[in-house]
Amino acid sequence: MTTISTNDIIFATVIQYGTTLAQLKLSGMSSTEDIIRKIREALPDLGGLVNLSLRNATMGWRKLCPVMFERRTSPLKLKLSFMRPAV
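Student: How would you summarise the sheet that holds strand β2 (residues 19–27) if you had to cite specific residues and measurements?
Tutor: The strands making up a sheet associate through hydrogen bonds between their backbones, and the pairing can be parallel or antiparallel. Spatial strand order, β2-β1-β3-β4: four strands in an open sheet with antiparallel pairing. Every other strand in the sheet has two partners, leaving β2 and β4 (61–69) as the edge strands with one partner each. The average angle at which neighbouring strand axes cross in this sheet is 20°, direction not considered. Pairing of strand β3 (residues 48–56) with β4, which is carried by nine bridges, proceeds in the antiparallel orientation. Bridge pairing links Leu49 to Met68 in β4. Sheet strands in contact with helix α1 (residues 32–42) are β1 (9–16), β2, β3 and β4, and its direction is about 125° off that of β2.

Laid out in structure tokens, this is it:
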């Protein structure tokens, strides 16, 4: 069974196009959504299809699943400066 409790130690590996992008050791997670949220924090520019390997060291299971991440776009930051008219 692939249940996750807050006491479990989870090893998450994110692989895209055969390249390992991140290896995370997580605890305090209670769901797959929590794990994906942490991956988003670690890889804010991640986009596209990745293979996510989850290993629960406490319960002894491993799960490999494809996950599609939508690329986040950064909000456009503008700095406006106005010149004072010459007097």
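What follows picks up the thread again.
Student: Outline unusual backbone geometry, supporting the account with residue identities and numerical values.
Tutor: A positive phi angle, near 55°, is found at Tyr17, a position not held by glycine. Here Tyr17 is to be found in the loop between β1 and β2. Note on Tyr17: relative accessible area 77%, which makes it exposed.

Student: Please set out the side chain of Asp8 residue by residue, giving values where relevant.
Tutor: Looking at where Asp8 falls in the secondary structure, it is placed in the segment before β1. Put simply, Asp8 is tucked away with no salt bridge, and the nearest opposite charge, on Arg55, sits 12 Å away. One polar contact links the side chain of Asp8 to the main-chain amide nitrogen of Ser5, over a distance of 3.0 Å. Within polar-contact distance, the side chain of Asp8 engages the side chain of Asn56 at 2.8 Å.

Student: Go over the nonpolar core, please, and point to the residues and values.
Tutor: Counting residues in each nonpolar core, the largest one holds 19 residues, and the members touching the most others are Val14, Ile35, Ile39 and Leu52. Secondary-structure elements contributing two or more residues to this core are β1, β2, α1, β3 and β4. Element by element, the count of residues in this core is highest for β4, at four residues. Sequence-distant contacts of Leu52, that is, excluding residues within four places in its chain, are made with Ala12, Thr13, Val14, Ile36, Ile39, Lys63, Leu64, Cys65 and Val67.

What counts and what doesn't
Every residue gets a number counted from 1 within its own chain, in the order that chain's sequence is written. Local features are withheld for residues below a pLDDT of 70 in this predicted model, meaning they are given only at 70 or higher, and side-chain atom pairs are given and counted only at 80 or more; totals for whole chains, interfaces and linings count all residues. With hydrogens and water set aside, each side-chain value is computed from the structure's full complement of heavy atoms. Each pair of strands is called paired provided DSSP finds at least two bridges between the two strands. Put simply, DSSP marks the helices as runs of H or I at least four residues long and the strands as runs of E at least two long, and each gets a number from the N terminus on. A fitted line through C-alpha atoms represents every axis, and for helices the fit uses only the stretch in contact; the resulting angles, taken between N-to-C directions, go from 0 to 180 degrees. Any two residues having at least one pair of non-hydrogen atoms within 4.5 Å are treated as being in contact. The cut-offs for exposure are 20% and 50% of the maximum accessible area for each residue type, with area from a 1.4 Å probe on protein chains only; residues under the lower value are buried, those over the upper are exposed, and the others partly exposed. Here the positive residues are Lys and Arg and the negative ones are Asp and Glu; neither His nor the chain ends is included. Each salt bridge in this description consists of a side-chain nitrogen of Lys or Arg and a carboxyl oxygen of Asp or Glu lying within 4 Å of one another. As used in this structure description, the phrase polar contact means that two N or O atoms lie within 3.5 Å; if the pair is within protein, one of them must be able to donate a hydrogen and the other to accept it, and residues adjacent in sequence are counted only when both atoms belong to side chains. By convention a nonpolar core is built from buried Ala, Val, Leu, Ile, Met, Phe, Trp, Tyr and Cys residues, the set being connected through side-chain atoms within 4.5 Å.

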